[in-house]
Amino acid sequence: MLAIERRNEILEKLQAERRVVVSELSQLYEVSEETIRRDLEKLVNDGYAIKSYGGAVMNENVSIDLPFNIRKNRNVVGKQRIAELMNSLIHDGDSIMLDASSTAVYIAKALKDKKNLTLITNSIEIIIELFDVPDWSVLSTGGVSREGSFALVGPQTDRMLRSYHVDKTIISCKGVDLASGITDSDDLHANNKKTMLEAGKQKILAVDSSKFDKTAFTSIGMLEDITTLVTDEKPGDIWLRKFEELGIECIYPE
């Protein structure tokens, strides 16, 4: 096993169990404890982990962006619930924009039974996922590839997005807060999501319940910038009152 593959597996284990122990990892991967310490040191330096006695714990900082392959496997049930709800909002013939979030991948999979969709995305993962859909028009934004995110980002991405107007824009985020609004961990991703929102008649935020009352590094926009919010659990009363006040449709499993 390559070192990077082992580190990714350790990161997945950290994400699932919140803590790992050097001696246990050494036995699991049949490598020296010193090798495992170097792996953990790399994860600490990258911001994913925090050293602890005999091992490491997960860094819970919302501003740290996990690699895409790790994020895709977080809260899978919640993302599947969101995708099922989104399926009822998208109609045959719609034009939509999807961001490069892990939630958007689940949404794209759930929409495969729709007919004659036009989809614009900066997600490499979604483009690959939709190669076998016969009657869709799938447009890639272009842009600079971002390591670990399977996304195309940057000014070229924005220029392409501004060329189109779509029925529905669907984005996700790292945090949504009553005061701070909609936030993300990366400037380039946030700018592209902001441009997507500007291009959509219906502006949909698809976000699982773990992102509520969280604030990440950089702003995408305020709650007033969306028309619809889709989530996996019923939000608290304070949130529901805010959505009603702003005229935002909130959709969640009954």
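Residues numbered from 1 in each chain as written. Predicted model: local features only at pLDDT ≥ 70, side-chain atom pairs only at ≥ 80, totals over all residues. Heavy atoms only, no water.

1. Let's talk about the overall build of the protein
Here comes step 1: In terms of helices and strands, the protein carries 10 helices and 15 strands.
Here comes step 2: A globule of 254 residues ought to have a C-alpha radius of gyration of about 18 Å, and the protein, at 19 Å, matches this closely.
Here comes step 3: When its C-alpha atoms are laid out on the principal axes, the protein stretches across 55 × 45 × 35 Å.
Here comes step 4: Taken over 254 residues, the protein has a buried fraction of 52%.
Here comes step 5: Accessible area of the protein: about 12000 Å², with a carbon and sulfur share of 48%.
Here comes step 6: Computed over 32 positive and 41 negative side-chain charges, the inter-centroid distance for the protein is 2 Å. (Helix = DSSP H or I, 4+ residues; strand = E, 2+ residues; numbered from the N terminus. Rg over C-alpha atoms; globule rule 2.2 N^0.38 Å. Buried < 20%, exposed > 50% of the residue type's maximum accessible area, 1.4 Å probe, protein only. Areas by Shrake-Rupley, 256 points an atom, 1.4 Å probe, with all protein chains shown as cover. Lys, Arg positive; Asp, Glu negative; His and termini not counted. Charge placed at Lys NZ, Arg CZ, Asp CG, Glu CD.)

2. Quick look at the domain arrangement of the protein
Here comes step 1: Domain boundaries in the protein define domain 1 (3–62) and domain 2 (69–251).
Here comes step 2: Relative to domain 2, the C-alpha centre of domain 1 lies at a distance of 31 Å. (Domains from an automatic or database assignment.)

3. Section: the sheet that holds strand β15 (residues 249–251)
Here comes step 1: Taken together, seven strands build an open sheet; the order of strands is β6-β5-β4-β9-β12-β14-β15 and the sheet is parallel. Among the strands making up the open sheet, the edge pair consists of β6 (137–140) and β15. Shown here is a sheet whose adjacent strand axes are inclined to one another by a mean of 20 degrees, direction ignored.
Here comes step 2: Alignment of strand β14 (residues 228–230) against β15, held across three bridges, turns out to be parallel. Looking at the pairing, L229 lines up with C250 of β15. (Pairing = 2+ DSSP bridges. Axes fitted to C-alpha atoms, helices over the stretch in contact; angles between N-to-C directions.)

4. Some remarks on unusual backbone geometry
Here comes step 1: Not every positive phi belongs to a glycine, and R18 is a case in point at roughly 70 degrees.
Here comes step 2: Positive phi outside glycine occurs at E30, with the angle close to 55 degrees.
Here comes step 3: Take E30: it is sitting in the loop between α2 (22–29) and α3 (33–45).

5. Focus on the packing of helix α1 (residues 3–17) against α3
Here comes step 1: Relative orientation of the contacting elements α1 and α3 amounts to 70 degrees, with a least axis distance of 10 Å. In terms of their interaxial angle, α1 and α3 are classed as roughly perpendicular. Judged by the twist between their axes, the crossing of α1 over α3 is right-handed. Counting all contacts with α1, which are made through R6, R7, I10, L11 and L14, the residues of α3 involved are T35, I36, D39, L40, K42 and L43.
Here comes step 2: Split into classes, the residues belonging to the contact of α1 with α3 amount to six nonpolar, one polar and four charged. (Parallel < 35°, antiparallel > 145°, perpendicular 65-115°, else oblique. Left-handed = near helix turned anticlockwise from the far one by under 90°. Contact = heavy atoms within 4.5 Å. Nonpolar A, V, L, I, M, F, W, Y, C, P; charged D, E, K, R; others polar.)

6. Thoughts on the sheet that holds strand β13 (residues 218–221)
Here comes step 1: Spatial ordering of the open sheet is given by β10-β11-β13, a layout of three strands whose pairing is antiparallel. Strands with a single pairing partner mark the edges of an open sheet, and in this sheet they are β10 (175–177) and β13. In this sheet, adjacent strand axes meet at a mean angle of 35 degrees when their direction is disregarded.
Here comes step 2: For strand β11 (residues 181–184) and β13, the ladder comprises three bridges, and the chain directions are antiparallel. Counterpart to D184 in the pairing with β13 is T218.
Here comes step 3: Relative to the sheet, helix α9 (residues 187–199) contacts β11 and β13, its axis offset from that of β13 by approximately 10 degrees.

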